[in-house]
Amino acid sequence: MGPDDAEGGTRRRVDEQPEPEPMPMPMPMAERADPQASGIGRRRKVLGVVVVAAALFSVAGVGVGSFIKSPAQAAADKTAPPPSVLSAALEKRVLKDTVTIRGMVTADQSVQVTGAAAGAAGGGAKPVVTKVNVKAGETVAPGKVLVETSGRPVFALQGALPVYRDLKPGATGQDVAQLQQALTTLGHKTGADAKGTFGPGTKAAVQAFYATIGYDVVPASPQDKEQVEGAQTAVTQADRAFTSAKEAWERAKSGAAGQATPAPGATEGSVAGPAAGKSPDPKTGSATGGAASGGGGGGADPVKEARRAMDYAAEDLTKARTKLSEVQAAAGPMVPAGEVVFLKGFPARVDAVTAAVGATVGERLLTVSAGDLVVRGMLAQHEKGMVRPGQKVQVLSELSGVTATGTVLSVADAPAPPPAPGGAQDGAQGGTAAGAAQGYLMIVKPDGMLDVALAGQDVRVTVEAAASSGPVLSAPVSAISAGADGRTSVTVVAGDGSRRRVEVTPGMSADGFVEVSAAAGGQLAEGEKVLVGEKSGAGGPGAGARSSR
């Protein structure tokens, strides 16, 4: 063995020494003290493993069991579950049948003001707006000048009758009486004029009113002055002619008396009548007494001729004076139809202003309204038969939240005509309720005064078309069923699920309920459950709700 081998052998001996064995873990003090504790711990670990394994097997069994069914169980699962009963309790309630539409709050009277004032423009020129004194939303007092056209006023007075003609001196009628009352209210008395007669007192009142608002009056006729002056001249001439005729008659009478000689046997005074010296009545033109005939010759009697001429002159004077009275009565200030707007009540309101200074007067300058606020709405054909005057109404403004009650004042017998393209209907303030919408006009009168801020607003109108007199026993509409024999009944469902059919007499219906009363021999009580439908089980054939009818 060489050195290398020796060295190598030595190296191998050193390298091939066995690894030291691991030191045993020190035993816990408890185990070293009690060897039995180590066995108990091992047994607990084994028990835990067994429990976990049992749980896993149970879960696996349930999962497998849900997919593996017996034929009996599979057939049972295909059968629909019993239906669920849908029922509702009988209750006592006030039934109300309603009609709901849209409405517009407007005044009782709405007037479109035009500027077609008499004498507003001369020479054929078109009238123009020269002044606007109001604005939309403003209140108006009686006598207020609203607008001015070509220098002439358009003012408001109180009255229910719309103006339809010029009111001139000598006119009579209800419109004249309305003018007299309006002027009197403003403090301008009409004197001794009879009611409804445009006499001197009314002339003075008109003159005073126009002076108050700062305008000259319009004469009833442009020739008033000339006509009065002509009539006065005619009276003067007729009066002079009568005076001359009277003097001629007196001279003729005196001459005849001086020439007469008494006849034999005649008594004094037989030549001239006792009234020979009397003057004729200038009104009747008749002279009293007769004139004695002149001395004896034939031909015309100058005294009679003179008296005849005087009588004619008296008649002419009477006619001239009558004509003067007529001309004077017809002359004077008038109220042109285009300068006055009669409104039912004050203060009135200006709803809209379309006039502008300098603009040519068109069809409408502004719209004013007066009187209490009302609600106007349009009923459809099928709604008209359900609404009648006197029914209660609920009004709601969604814009402001204001609510009010009222009654139906009127329902039109005929449908309103469609509005003209681009035009506005008199009395309408726009909107679909009373303007553009077609149907039967219904007017609602509020129970109290509405706030003027509601004027022009679109509101919801609910009419109680019918209502029970008090709470009545009611059932849902779906609980009522009709048999083949035409009898109406409900099915009462008892607490134990049993059912009994009760024949009923239905009353009014509203809001999905029907008034019911048991027929002879039947009984119904508030709170009892009635069948309204049946609902099959979810997922079963024909699943869903089924009405009791």
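Located above this text is the structure these notes cover.
Since the model is a prediction, treat every value here as computed from it, not as a measurement. Numbering of residues starts from 1 in each chain and follows the order in which that chain's sequence is written. Given that this is a predicted model, residues contribute local features only at a pLDDT of at least 70 and side-chain atom pairs are listed and counted only at 80 or more, while totals for whole chains, interfaces and linings are drawn from all residues. Only heavy atoms go into the side-chain values, all of them from the structure, while hydrogens and water stay out.

Draft legend 1. Main features of the overall build of the protein. Numbering of helices and strands starts at the N terminus; helices are DSSP runs of H or I of at least 4 residues and strands are runs of E of at least 2. Assigned secondary structure in the protein consists of ten helices and 23 strands. Looking at the 549 residues of the protein, the share that counts as buried comes to 34%. Should any heavy atoms of two residues lie within 4.5 Å, those residues are counted as being in contact. Of the contacts made within the protein by residues no fewer than 6 positions apart, 71% connect residues no fewer than 24 positions apart. The Shrake-Rupley method, run with a 1.4 Å probe, gives the accessible areas here. Residue values count only the displayed protein chains as cover. Looking at the protein as shown, the accessible area adds up to about 31800 Å², and 56% of this sits on carbon and sulfur atoms. Think of it in three bands: residues with accessible area under 20% of the maximum for their type are buried, residues over 50% are exposed, and the middle band is partly exposed, with areas taken using a 1.4 Å probe on protein chains only.

Draft legend 2. Focus on the pairing of strand β7 (residues 152-158). With six of seven residues buried, β7 lies mostly within the body of the structure. Here four bridges tie strand β6 (residues 145-149) to β7, and the two strands are oriented antiparallel to one another. Each residue of the ladder has a partner; that of glutamate 148, found in β7, is proline 153. Any two strands with at least two DSSP bridges between them are considered paired. Between β6 and the antiparallel strand that follows it, β7, lie two residues; serine 150 among them carries a positive phi value of about 50°. Here β7 runs beside strand β10 (residues 340-343); their pairing, made up of four bridges, is parallel. Bridge pairing links glutamine 158 to leucine 343 in β10.

Draft legend 3. Up close: the nonpolar core. Ranked by internal contacts, the top residues of the largest apolar core, which has 22 residues, are Val375, Leu379, Val387, Met442, Val461 and Val463. Elements represented by at least two residues in this core include exactly β3 (96-113), β12 (366-379), β13 (392-396), β14 (403-411), β15 (440-446) and β16 (458-467). Grouping buried Ala, Val, Leu, Ile, Met, Phe, Trp, Tyr and Cys residues that are joined through side-chain atoms within 4.5 Å yields what is termed a nonpolar core.

Draft legend 4. Quick peek at the pattern of salt bridges. A carboxyl oxygen of Asp or Glu within 4 Å of a side-chain nitrogen of Lys or Arg is what we treat as a salt bridge. Going through the model one piece at a time under the given rule, you end up with twelve salt bridges. For the salt bridge of glutamate 398 with arginine 102, the shortest nitrogen-to-oxygen distance reads 2.9 Å. On the criterion of sequence distance, the pair formed by glutamate 398 in the loop between β13 and β14 and arginine 102 in strand β3 is long-range, its members being 296 residues apart. On the basis of relative accessible area, glutamate 398 is assigned to the partly exposed category, the value being 43%. Since its relative accessible area comes to 33%, arginine 102 is described here as partly exposed. When the shortest N-O distance is used, the salt bridge between arginine 499 and glutamate 534 registers 2.6 Å. With arginine 499 in strand β20 (residues 499-510) and glutamate 534 in strand β22 (residues 529-535), this residue pair connects regions lying 35 residues apart in the sequence. Exposure remark for glutamate 534: the relative accessible area of 12% places this residue in the buried category.

Draft legend 5. Looking closely at unusual backbone geometry. Of note, the amide linkage connecting phenylalanine 346 to proline 347 takes the cis form, showing an omega dihedral of 5°. Secondary-structure assignment places proline 347 in the loop between β10 and β11 (348-353).

Draft legend 6. Up close: the sheet that holds β6. An order of β4-β6-β7-β10 is seen for the four strands of this open sheet, with the pairing classed as mixed. Two strands lie at the open edges of the sheet, namely β4 (129-132) and β10, each paired on one side alone. For this sheet the average axis-to-axis angle between neighbouring strands, irrespective of direction, equals 20°. Orientation is described by axes fitted as lines to C-alpha atoms, over the contacting stretch for helices, and by angles from 0 to 180 degrees between their N-to-C directions. Against the sheet, helix α5 (residues 174-185) touches β7 and β10, its axis set at about 90° to β7. Against the sheet, helix α6 (residues 200-213) contacts β6 and β7, and its axis sits at roughly 115° relative to β7.

Draft legend 7. Quick look at the packing of α5 against α6. The contact between α5 and α6 brings their axes to 10 Å, and the two run at 50°. In this view, α5 runs oblique relative to α6, as classed from their interaxial angle. As α5 runs across α6, the sense of the crossing is left-handed. Mapping the contact onto sequence places Leu179, Gln180 and Leu183 in α5 and Thr202, Ala205, Val206 and Phe209 in α6. Each residue is assigned to one class: nonpolar for Ala, Val, Leu, Ile, Met, Phe, Trp, Tyr, Cys and Pro, charged for Asp, Glu, Lys and Arg, and polar for all the others, Gly among them. Counted by class, the contact of α5 with α6 contains five nonpolar, two polar and no charged residues. Each angle gets one of four labels, with under 35 degrees taken as roughly parallel, over 145 as roughly antiparallel, 65 to 115 as roughly perpendicular, and the rest as oblique. By definition, any crossing whose near helix is turned counterclockwise from its far helix by less than a right angle is left-handed, and any crossing with a clockwise turn is right-handed.

Draft legend 8. Spotlight on α5. The end-to-end C-alpha distance of α5, which contains twelve residues, comes to 16 Å, matching closely the 16 Å that a straight helix rising 1.5 Å per residue would cover. Those residues of α5 that sit buried are Asp175, Val176, Ala177, Gln178, Leu179, Gln180, Ala182 and Leu183. In this fold, the buried residues of α5 make contact with β7, α6 and β10. The first or second residue beyond α5 is glycine 187, which carries a positive phi of 100°. Expected span of a helix, by definition, is 1.5 Å for each gap between consecutive residues, and there is one gap fewer than residues.

Draft legend 9. Summary view of the packing of aromatic side chains. Aromatic contacts are taken between Phe, Tyr and Trp rings whose centres are within 6.5 Å, Trp giving its six-membered ring; a plane angle under 30 degrees counts as stacked, one over 60 as edge-to-face, and the others as tilted. Enumeration over the complete set of coordinates arrives at three aromatic pairs. Measuring from centroid to centroid gives 4.9 Å for phenylalanine 155 and phenylalanine 209, while their planes differ by 70°, and the two rings are edge-to-face. Remark: phenylalanine 209 occurs in helix α6 and phenylalanine 155 occurs in strand β7; sequence separation between them is 54 residues. Like phenylalanine 209, phenylalanine 155 is buried. Judged by centre distance (5.7 Å) and plane angle (85°), the ring pair of phenylalanine 155 and tyrosine 210 falls under edge-to-face.

Draft legend 10. Structural detail: the side chain of histidine 188. Residue position: histidine 188 is located in the loop between α5 and α6. Among the residues examined, histidine 188 registers a relative accessible area of 14% and is labelled buried. Each residue touching histidine 188, except ones within four places of it in the same chain, is listed here: Leu183, Ala205, Ala208, Phe209 and Thr212.

Draft legend 11. The arrangement of α6 in detail. Here α6 contains 14 residues, and its C-alpha end-to-end distance of 21 Å stays within 8% of the 20 Å for a straight helix at 1.5 Å per residue. By the burial criterion, the buried members of α6 are Gly201, Thr202, Lys203, Ala205, Val206, Phe209, Tyr210 and Ile213.

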